[in-house]
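The chain contents come next:
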Amino acid sequence: MKILVTNDDGIHARGITVLAGELQKLGDVTVVAPDRERSAVGHALTLHHPLRAMEIGSSIFAVDGTPTDCVNLGIHTLLGFKPDIVVSGINRGANLGDDVTYSGTVSAAMEATLMGIPAFAVSLATSGPGDNYQSAAVFAARLAGLIFEKGLPADTFLNVNVPDVAEAELLPPLVTSQGKRRYEGLIIDKIDPRGRKYYWIGNGQQNFRDLEGTDYHAVSRGHISVTPLHLDLTNYESMQLLRKWEFE
Ligand code: MN
C-alpha cells in the first residue's frame, strides 16, 4: 500500500510523526506536510507565490504552503506515483461539527477525494498537547487497511475523531453525523499596549450541541467517531423551493 500522509499542525507536530510511524507497518509512507502550523486555513490553495518543498528526511517533505498545497504537490510532483490512500493528521484537537469547514486537516482529505484518491482525516480530541496519539494512530492504521480492502463510496471521505484516552479505554467506533456548534462569545476584544482596540477569535471549545448521533455526542462519551463527509454541498431539498422564486 502506498500512503501519503499530511496534516495542518506542521511537519514537526507529534501527531504526524506517530501516525506515519504506525502506517509504515502497512506500506510505503511518504510525508508531505506544511513546514509550520497551518491550522484553520481550511481548503486554501497558494496561487500567488511559489512553493518550495524541502526533503528533510527519507520520503519526508516540508512545504511552505497549506495542507491542500501539500496534497497537490505530493500527488502531482513529489511522489512520482499515485498513492492508494491519503491520511491527514493526527490533528492536535478535535475537528467536530461545523468546524470541519475551517480545518486544514479535513481539507487535505477533501483535496485527495477531489483527485479520486480515498482519504480520511484523523484528529485527537484533546484541549492540551495530547497524550494518546498512539491509540489514535493504531485506529487510523486499522481504518486505512479497511479502506484499502473495501474502498470508499464515490465523493466520500471520512472525518475521524479519537478521544484522548489510552487504547484500552477507547469505546467502540460509532458512525456519526456532523454535529452543530453554537457560535457565541467567540470574539475577545481588548485594548493593546498602545491604546488601540484589537480582536481575537477565541475557540469556545465546549459550545457544541449535544445531539444524539453526532460526532460530538460520540467523542464526548469516549467513543471513536467516524463521520462520512461528501464534497457536494448542494442542499437538494432547497432546490425545489428556490425554483419557485421570481428571480427576474
Ligand atoms: Mn491543526
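All values reported here derive from a predicted model rather than from experimental measurement.

Criteria and thresholds
- Residues numbered from 1 in each chain as written.
- Predicted model: local features only at pLDDT ≥ 70, side-chain atom pairs only at ≥ 80, totals over all residues.
- Heavy atoms only, no water.
- Helix = DSSP H or I, 4+ residues; strand = E, 2+ residues; numbered from the N terminus.
- Rg over C-alpha atoms; globule rule 2.2 N^0.38 Å.
- Contact = heavy atoms within 4.5 Å.
- Areas by Shrake-Rupley, 256 points an atom, 1.4 Å probe, with all protein chains shown as cover.
- Lys, Arg positive; Asp, Glu negative; His and termini not counted.
- Charge placed at Lys NZ, Arg CZ, Asp CG, Glu CD.
- Phe/Tyr/Trp six-rings, centres within 6.5 Å; stacked < 30°, edge-to-face > 60°.
- Buried < 20%, exposed > 50% of the residue type's maximum accessible area, 1.4 Å probe, protein only.
- Lys NZ or Arg CZ within 6 Å of the ring centre and 35° of its normal.
- Donors = N, O, S within 2.8 Å, 3.2 Å for Na, K, Ca; no water.
- Pairing = 2+ DSSP bridges.
- Axes fitted to C-alpha atoms, helices over the stretch in contact; angles between N-to-C directions.
- Patch = residues over 30% accessible without salt bridge, like charges linked within 9 Å, V, L, I, M, F, W, Y side chains within 5 Å.
- Salt bridge = Lys/Arg side-chain N within 4 Å of Asp/Glu carboxyl O.
- Core = buried A, V, L, I, M, F, W, Y, C linked by side-chain atoms within 4.5 Å.
- Expected span 1.5 Å × (residues − 1).

### Re the overall build of the chain
When helices and strands are tallied, the chain shows 6 helices and 11 strands. What you see for the chain is a C-alpha radius of gyration of 19 Å, in line with the 18 Å of a compact globule of 248 residues. The contacts of the chain with a sequence gap of at least 6 include a subset with a gap of at least 24, amounting to 76%. When the accessible surface of the chain is totalled, it reaches about 13300 Å², and 53% of it is carbon and sulfur. For the chain, the centre of its 21 positive side-chain charges and the centre of its 29 negative side-chain charges are spaced 4 Å apart.

### Observations concerning the packing of aromatic side chains
Counted according to the given criterion, the structure contains 2 aromatic pairs. Ring centres of Phe208 and Tyr216 lie 5.3 Å apart, and the angle between their planes is 20°; on these two criteria the pair is classed as stacked. Taken individually, Phe208 and Tyr216 each receive the classification buried, so the pair is uniform in this respect. Seen in terms of ring centroids, Trp245 and Phe247 are 6.0 Å apart; in terms of plane orientation they differ by 45°. Their pairing is tilted. One residue, Lys2, lies across the ring of Phe81, its end atom 5.6 Å from the ring centre.

### Considerations on the coordination of the manganese ion
Bound to the manganese ion on the protein side are Asp8 (OD), Asp9 (OD), Ser39 (OG) and Asn91 (OD1), at distances that span 2.1 to 2.2 Å. Here the donor residues of the manganese ion share one chain and are spaced in sequence as D-D-x29-S-x51-N. Pair noted here: Asp9 is in the loop between β1 (2-6) and α1 (14-23) and Ser39 is in the loop between β2 (28-34) and β3 (53-57), with a separation of 30 residues, a long-range link. With relative accessibility at 30%, the residue Ser39 sits in the partly exposed group.

### Brief notes about the sheet that holds β1
If you walk across this open sheet you meet the 9 strands as β3-β4-β2-β1-β5-β6-β7-β11-β8, and the pairing is mixed. Since the sheet does not close on itself, it has two edges, and those belong to β3 and β8 (171-175), each with one partner. Pairs of neighbouring strands in the sheet enclose a mean axial angle of 20°, with direction left out of account. Where β2 lies against strand β4 (residues 60-63), 4 bridges are found, and the strand directions are parallel. Among the inter-strand pairings, Val31 is bridged to a residue of β4, identified as Ile60. Here α1 sits on the sheet in contact with β1, β2, β5 (85-92) and β6 (119-125), set at roughly 140° to β5. Seen against the sheet, helix α3 (residues 104-114) touches β1, β5, β6, β7 (156-163) and β11 (223-230) and runs at an angle of roughly 170° to β6.

### Re a nonpolar patch on the surface
On the surface, Leu241, Leu242, Trp245 and Phe247 cluster together to form a nonpolar patch covering roughly 470 Å² of accessible area. Mapping Trp245 onto the fold places it in the segment after α6 (236-243).

### Notes on the environment of Thr113
Along the chain, the position of Thr113 falls in helix α3. The exposure class assigned to Thr113 is buried, which follows from its relative accessible area of 11%. Apart from residues no more than four positions distant in its own chain, Thr113 is found in contact with Ala119, Asp155, Thr156, Phe157 and Leu231.

### Here we look at the nonpolar core
Grouped together as the largest cluster of nonpolar side chains are 33 residues, with contacts concentrated most on Leu23, Phe120, Val122 and Val160. Among the secondary structure elements, those contributing two or more residues to this core are β1, α1, β2, β5, β6, α4 (133-150), β7 and β11. The element that contributes the greatest number of residues to this core is α4, accounting for 9 residues. In this view, Val122 contacts Leu19, Val87, Ser88, Gly89, Ile90, Asn91, Thr105, Ala136, Ala140, Val160 and Val162; residues no more than four positions away in its chain are not counted.

### Let's talk about α4
End to end, α4 covers 25 Å across 18 residues, agreeing with the expected 26 Å (1.5 Å per residue, within 8%). Turning to α4, its buried residues are Tyr133, Ser135, Ala136, Ala137, Val138, Phe139, Ala140, Ala141, Leu143, Ala144 and Ile147. Positive backbone phi, at 75°, marks Gly151, one or two positions downstream of α4.

### Description of the pattern of salt bridges
Applying the stated criterion to the full structure yields 8 salt bridges. Close ionic contact of Arg36 with Asp35 constitutes a salt bridge, the shortest N to O distance being 2.9 Å. The partly exposed category is assigned to Arg36, whose relative accessible area is 47%. In this structure, the salt-bridge partner of Lys197 is Asp189, at a minimum N-O distance of 3.7 Å.

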